[in-house]
Amino acid sequence: MNNKTPKFGVGLRREHYPYLMEKPNTDIDWFEVISENYMNTEGRPMSVLESIRKDYPITCHGVGMSLGSSNEIDPKYLNDLKLLIDRVDPFLVSDHLAWNHFNGNRLHELIPVPYHEESLEVIANHIDQVQNELQRQIAVENISAYFQYTSSTMNECEFLSLLTQKTGCLILLDINNIYVNAKNFQFNPIDFIKTIPKKSITQIHLAGFTDMGNFLFDTHAEPVHSEVWNLLETSLEYIPENVPIMIEWDENVPEFHKLETELNKARKIMNKKAKNETKEPSEFIF
């Protein structure tokens, strides 16, 4: 049994099932699972998850809740998610500030929402619905985006902050997504992080982007870039001290030991903060 504080985690991916089923000693404190991969299944994914759950805390991270849709949240989806939650008892349930479902059609991308009062009211009602059904707070993640709405009257961080005030939801802060959007839309990422209410930040995501030349693409297919590590370190003043932090790696998934090495970079940065070591903050030029 892994009794460590659930602080440093990684995403559970099928490529690592055989290795993890051997019950190795790892540097991992917890695992994040994609909720939809384990809903409505009694096959190998669920048997692996239940085996891993005996040794590690987990979180359930969804991609299909579609909080930003104009439609109501699918009641069957919520029921299936609740059954999974009751079964594996995650310490956090999360999804994205996005939509990907409309009139029965589901897209395979996370589409950003416009940031104005009307969408704020719709999404707040959806979050209330979800939290009432699941009987728990959920966390909402900031996404990477490649276009912006001309109808928006506020920016994403202001919108997220208002959502936490209206619903009591938490925030899953994706540092890579902030950096990607900051480069693509030319804003200061630290200003974004400063605006997020610190007490609402309940988890941190880190991942690797792909530089497409004229824009950054959030692929989760590479190691975390040095600029994102620098942003994490510069952001520590605005992040809760013991917030769980994890690495997402979804494409070109490496061997498990490489994922551990990547996660230990985050552990080193966070431990350095805890020891009150000093370091000049990195500068970001946009």
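Above: the structure in question.
Being a predicted model, the structure only gives us computed values, none of them experimental.

Draft legend 1. Structural context of the pattern of salt bridges. Throughout the structure, instances matching the rule amount to 10 salt bridges. Between Lys 23 and Asp 55 there is a salt bridge, with the nearest N and O atoms lying 2.7 Å from each other. You can see Lys 23 sitting in the loop between helix H1 (17-20) and strand S2 (30-34) and its partner Asp 55 sitting in the loop between helix H2 (44-53) and strand S3 (58-61), a full 32 residues away along the chain. Classification of Lys 23 by relative accessible area gives partly exposed; the value is 42%. Ionic contacts of the salt-bridge type, sharing partners, join the residues Glu 42, Glu 50 and Arg 87 into one network.

Draft legend 2. Structural view of the side chain of Ser 66. Within the secondary structure layout, Ser 66 lies in the loop between S3 and helix H3 (75-88). For Ser 66, a relative accessible area of 6% translates into the label buried. Within the structure, Ser 66 has its side chain in polar contact with the backbone nitrogen of Asn 100 (distance 3.0 Å). Ignoring any residue separated from it by four or fewer positions in sequence, one finds Ser 66 in contact with Ile 73, Ala 98, Trp 99, Asn 100, His 101 and His 126.

Draft legend 3. The environment of Gly 62, seen in detail. Relative to the helices and strands, Gly 62 resides in the loop between S3 and H3. Separated by 198 residues in the primary sequence, Gly 62 and Glu 260 have C-alpha atoms spaced 23 Å apart. The contact partners of Gly 62, leaving out residues within four places of it in the chain, are Ser 35, Glu 36, Tyr 77, Ser 94, Asp 95 and His 96.

Draft legend 4. Geometry of the packing of H3 against helix H4 (residues 117-134). Two numbers describe how H3 lies on H4: the axes approach to 10 Å, and their chain directions differ by 45 degrees. As judged from the angle between their axes, H3 and H4 are oblique. For H3 against H4, the interelement crossing comes out right-handed. Contact residues: Leu 78, Leu 81, Lys 82 and Ile 85 in H3; Gln 129, Val 130, Glu 133 and Leu 134 in H4. Partitioning the contact of H3 with H4 into residue classes produces 5 nonpolar, 1 polar and 2 charged.

Draft legend 5. Representation of the nonpolar core in the model. If you look at the biggest cluster of nonpolar residues, it comprises 76 residues, and the most contacted ones within it are Phe 31, Leu 173, Ile 175, Ile 204, Leu 206 and Leu 232. When sequence neighbours within four positions are dropped, the list of residues in contact with Leu 206 reads Ile 175, Val 224, Val 228, Trp 229, Leu 232, Ile 245, Met 246, Ile 247, Glu 248 and Ala 266.

Draft legend 6. Inspection of the sheet that holds strand S9 (residues 201-206) at higher detail. The parallel closed barrel is built from 8 strands, whose spatial order is S1-S2-S3-S4-S7-S8-S9-S12. Between one strand and the next, the sheet's axes are offset by a mean angle of 30 degrees, whatever the strand orientation. Pairing of S3 with strand S4 (residues 93-96) involves 2 bridges; the strand directions are parallel. Of the residues in S4, the one forming a bridge with Cys 60 is Val 93.

Draft legend 7. Quick peek at the environment of Val 33. As for its placement among the helices and strands, Val 33 is situated in strand S2. Val 33 gets classed as buried once you look at its relative accessible area, which sits at 0%. For the pair Val 33 and Leu 12, spaced 21 residues apart in sequence, the C-alpha to C-alpha distance is 5.5 Å.

Cut-offs applied
Residues numbered from 1 in each chain as written. Predicted model: local features only at pLDDT ≥ 70, side-chain atom pairs only at ≥ 80, totals over all residues. Heavy atoms only, no water. Salt bridge = Lys/Arg side-chain N within 4 Å of Asp/Glu carboxyl O. Helix = DSSP H or I, 4+ residues; strand = E, 2+ residues; numbered from the N terminus. Buried < 20%, exposed > 50% of the residue type's maximum accessible area, 1.4 Å probe, protein only. Polar contact = N/O pair within 3.5 Å; in protein donor to acceptor, adjacent residues only side chain to side chain. Contact = heavy atoms within 4.5 Å. Axes fitted to C-alpha atoms, helices over the stretch in contact; angles between N-to-C directions. Parallel < 35°, antiparallel > 145°, perpendicular 65-115°, else oblique. Left-handed = near helix turned anticlockwise from the far one by under 90°. Nonpolar A, V, L, I, M, F, W, Y, C, P; charged D, E, K, R; others polar. Core = buried A, V, L, I, M, F, W, Y, C linked by side-chain atoms within 4.5 Å. Pairing = 2+ DSSP bridges.

These figures come from the coordinates and say nothing about function on their own.
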